Amino acid sequence: MYEKLNVAERWLFDILSLALVLFYSYSAVLVPAATQYHRGIYVVITYVLVFLVYRSRSVPGRVADYLLMASSVLCIGYWMWNFEAINYRVGAETVLDQWIAVAGVLIGVELARRVVGSVFVVLGGVMLLYGVYGDYMPDLISHAGDTFPALCTSIFYKSDGVFGIMANVLATYVILFVIFGAFLETSGAQRFFVDFPLAAVGHRIGGPAKVAVIASGLFGSISGSAIANTVSTGNFTIPMMKKAGFKPHVAGAIEPAASIGGMFMPPIMGAGGFIMSELTGVPYSTIMLVAVFPALMYFFSVYVMVHYEAKQHGIRGEKARTGAGEIFRRGWYYVLPLAVITVLMLVGYSPAYSAILGMVACIAVSWLREDTRIGPRRFLEAARAGAENSLKIGATLGVIGIIIGVLTYSGLVLTFADIVIELADGRLWLTILLIAFASLILGMGVPVTAAYLITAVVAVPPLTELGVNPIAAHMIVYWLSQDSNITPPVCIAAFTGATIAQADMWKTAFSAFKFAKFLYLAPFLFGYVPAFSLNGSASDIAIAFVLIIIGTWGYSWLLSGIWLDRRVS
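As a starting point, this report considers the structure included with it. (Residues numbered from 1 in each chain as written. Predicted model: local features only at pLDDT ≥ 70, side-chain atom pairs only at ≥ 80, totals over all residues. Heavy atoms only, no water.)

## Observations regarding the layout of surface pockets
What counts, and what does not: In this analysis a 1.4 Å probe is tested at points of a 1 Å grid over the protein atoms alone, and where it fits but cannot get out there is a cavity; an open set with protein on both sides within 12 Å along at least five of seven lines is a pocket; lining residues have an atom within 4 Å of a point. Grid points are joined across faces, edges and corners, and a volume is the space filled by probe spheres set on the points. Elements are defined by DSSP. Helices are runs of H or I of four residues or more, strands are runs of E of two residues or more, and each kind is numbered from the N terminus.
Put simply, the second largest pocket is a space of about 640 Å³. In terms of lining, the second largest pocket is formed by 22 residues, of which the most central are Leu407, Leu412, Phe416, Ala438 and Val458. Elements with a minimum of two residues in the lining of the second largest pocket: α6 (118-132), α19 (397-410), α20 (412-424), α21 (428-443) and α22 (448-465). No other element matches the six residues that α21 contributes to the lining of the second largest pocket.

## Observations concerning the nonpolar core
Applicable threshold: Here, nonpolar core refers to any group of buried Ala, Val, Leu, Ile, Met, Phe, Trp, Tyr and Cys residues whose side-chain atoms link them within 4.5 Å. Buried means the residue's accessible area, taken with a 1.4 Å probe over protein chains only, is under 20% of the maximum for its type, while exposed means over 50%, and partly exposed covers the values in between. Contact between two residues is taken to exist if any of their heavy atoms lie within 4.5 Å; hydrogens are not considered.
Ranked by internal contacts, the top residues of the largest apolar core, which has 185 residues, are Phe156, Tyr298, Met475 and Trp479. With residues up to four places along the chain from it excluded, the contact list for Trp479 reads Phe264, Pro294, Ala295, Tyr298, Phe518, Leu519, Ala522, Pro523 and Phe526.

## Examining the packing of helix α2 (residues 36-53) against helix α5 (residues 95-115)
The condition is simple: Angular values range over 0 to 180 degrees, each being the angle between N-to-C directions of two axes fitted as lines to C-alpha atoms, with helices fitted over their stretch in contact. Geometric relationships in this document are graded by angle, where less than 35 degrees denotes roughly parallel, more than 145 denotes roughly antiparallel, 65 to 115 denotes roughly perpendicular, and other angles denote oblique. Crossing chirality is assigned from the near helix's rotation relative to the far helix, an anticlockwise turn below a right angle marking it left-handed and a clockwise turn marking it right-handed. Each residue is assigned to one of three groups, with Ala, Val, Leu, Ile, Met, Phe, Trp, Tyr, Cys and Pro labelled nonpolar, Asp, Glu, Lys and Arg labelled charged, and all others, Gly among them, labelled polar.
Interaxial distance between α2 and α5 falls to 10 Å at its minimum, and their mutual angle equals 50 degrees. By the criterion of interaxial angle, the relationship of α2 to α5 is oblique. For the pair α2 and α5, the crossing hand works out as left-handed. Together, Tyr47, Val50 and Phe51 of α2 and Ile107, Gly108, Glu110, Leu111, Arg114 and Val115 of α5 make up the contact between the two elements. When its residues are assigned to classes, the contact of α2 with α5 shows six nonpolar, one polar and two charged.

## A word on the side chain of Thr153
The cut-off we apply is this: Any pair of N or O atoms that falls within 3.5 Å is considered a polar contact. Within protein, one atom must be able to donate a hydrogen and the other to accept it, and sequence-neighbouring residues count only if both atoms are side-chain atoms.
Examined against the element boundaries, Thr153 turns out to sit in helix α7 (residues 148-157). Among the residues examined, Thr153 registers a relative accessible area of 5% and is labelled buried. Polar contacts involving the side chain of Thr153 include one to the main-chain carbonyl oxygen of Pro149, which spans 2.7 Å. Those residues in contact with Thr153 that lie beyond four places of it in its chain are Glu93, Gln98, Ala101 and Lys158.

## Some details on the packing of aromatic side chains
Heads up, the condition is: A pair of Phe, Tyr and Trp rings is counted when the ring centres sit within 6.5 Å of each other, with Trp represented by its six-membered ring. The angle between the planes then sorts it: under 30 degrees is stacked, over 60 is edge-to-face, the rest tilted. Working rule: Lys NZ or Arg CZ, within 6 Å of ring centre, within 35 degrees of ring normal, means a charge sits over the ring.
A full pass over the atoms with the stated rule returns 30 aromatic pairs. Their ring planes at 80 degrees and their centres at 6.0 Å tell us that Tyr298 and Phe299 sit as a pair that is edge-to-face. Neither Tyr298 nor Phe299 differs from the other in exposure class; each is buried. Taken together, the ring pairs in this structure connect Phe264, Phe293, Tyr298, Phe299, Tyr452, Tyr478, Trp479, Phe518, Phe526, Phe532 and Phe545 into an aromatic cluster. Across from the ring centre of Tyr66, 5.6 Å away, lies the NZ or CZ of Arg62, which sits over that ring.

## Thoughts on the pattern of salt bridges
This is how it is decided: Just to be clear on terms, a salt bridge is a Lys or Arg side-chain nitrogen sitting within 4 Å of an Asp or Glu carboxyl oxygen.
Under the defined criterion, the tally for this structure stands at 13 salt bridges. Between Arg113 and Glu110 there is a salt bridge, and its shortest N-O distance comes to 2.8 Å. On the criterion of helical spacing, the pair formed by Arg113 and Glu110 is a turn pair, its members being three residues apart in helix α5. Among the salt bridges present, the one from Lys514 reaches Glu309, with a minimum N-O distance of 3.3 Å. Residue Lys514 is found in helix α25 (residues 505-515), and its partner Glu309 is found in helix α14 (residues 284-313); the two are separated by 205 residues along the sequence. The exposure class of Lys514 is partly exposed, given its relative accessible area of 27%. Via salt bridges that share partners, Glu9, Arg55, Arg62, Asp65, Glu110, Arg113 and Arg114 belong to a single interconnected network.

This is the structure we're talking about:
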């Protein structure tokens with residue numbers, strides 16, 4: 001995208017990318033609490049960058065893009081500078097307030113259309129119609145309704161709209177962790193995260209596929225995106241799996257199945273953990289502790305299934321020229337930035353402050369090798385990559401604000417909880433299945449982090465009503481929100497793996513669905529085993545973990561189907 005810009009536009013992109021890094025680094029270190037300026041500056045830079053790189057296809061030239069950039073600055077700047085005054089006159093907004101809000105909401109819809117696609121826009125449009133014409137709806141979901149300008153005013157200015165939870169979390173934590181991931185890649189860590197598992201397990205039964213699982217766990221913990229993980233590690237591991245003897249659709253399926261584990265693995269968790277912390281009021285360090293064992297169990301499950309898949313077909317990798325010990329000795333320091341972030345958060349520092357010191361650690365370790373040193377030019381490249389990586393999720397802010405704003409405004413949040421409880425008739429397992437279905441439908445047109453936030457607003461209350469503790473309830477929703485990455489009919493990560501493997505997309509999708517089966521077991525463990533979310537005594541947690549490890553192995557062994565194959569000795 002960046003390469004298509006002209007010289008002046010590249011200068012603007014680079015200046016705004018550096019502004020993101022420097023402003024939020026400064027804020028994380030010196031500003032004790034986020035203000036409207038943190039959210040506003042993040043949103044306005046994101047909007048301008050999106051309109052800069054995602055060109056209008058319907059209007060020739062760049063006139064429409066530049067007008068939308070200027071309108072974004074005007075609308076968001078108006079909100080920032082009049083923040084207190086608008087809060088004082090809630091319910092008595094001026095005509096100018098209302099028209100600025102209408103423009104701001106519509107700009108957000110256009111932004112999502114360019115980046116995410118029309119499905120998300122249709123969803124936002126349906127919610128706007130529901131907000132305006134709520135009094136015409138069936139009694140079960142009806143509400144008073146309002147005029148379009150009044151509804152937009154509520155969505156644009158209130159704390160549960162465009163500048164609500166998602167904007168706050170993105171501006172406070174996520175942007176810094178996305179930039180941290182870009183700096184870690186620039187420092188040369190990605191090569192180490194592939195070379196080390198290749199040397200360690202690449203020569204064993206199913207070695208190349210096991211490399212994909214381990215590399216996806218390491219790289220996914222910083223990328224926070226199943227699709228980015230599939231593309232980054234898959235371009236190396238999928239051809240290697242095919243060469244070793246895996247069928248193309250199986251090779252294309254193993255990588256995305258492993259890649260979604262990065263969404264569960266601390267310290268980044270695909271931004272979902274930060275939203276979870278914001279919604280629950282629980283420190284992010286606690287969320288990380290709860291998340292780490294289930295994430296490891298997910299990778300363990302995929303690893304076991306890969307092992308038996310390879311054993312069925314007698315697939316073994318080749319021994320690497322350089323030993324794992326030697327590769328670790330040369331590159332062990334690439335683990336330090338992750339260790340710095342994890343330790344700092346566990347001892348009580350804020351995620352944002354920890355991310356800044358993690359970036360400093362990335363720059364420091366990059367200087368240990370001459371070809372990876374991050375000087376001014378590479379610093380700019382890392383900032384540019386971080387800004388570009390953040391656009392896809394940032395572009396969803398406007399429509400997420402519409403959806404959550406209308407859900408709250410209409411009272412549908414409480415109504416949905418009542419509907420689910422009534423349909424499930426108090427049965428937790430059926431409640432989880434209904435939420436899984438709802439998240440799959442929503443995930444067909446919404447990025448998974450956005451799907452989690454939207455689903456959590458309506459699905460967590462019925463779970464807590466049934467006695468599930470709040471963190472476990474959020475984990476259930478968060479895990480289920482990832483299923484659209486590998487579950488047909490949409491399964492974008494699986495289709496990405498199929499493209500790299502040059503395999504049939506549907507065969508690849510259903511194979512990925514098979515390898516990722518723990519994705520559907522974990523929510524039931526969160527619901528029925530309190531110790532799975534660290535809720536209980538130390539002995540209860542220890543016993544539960546041992547039983548879950550044994551059960552996960554057995555579960556994966558059964559699903560692999562090796563026990564049905566008599567060719568295996």
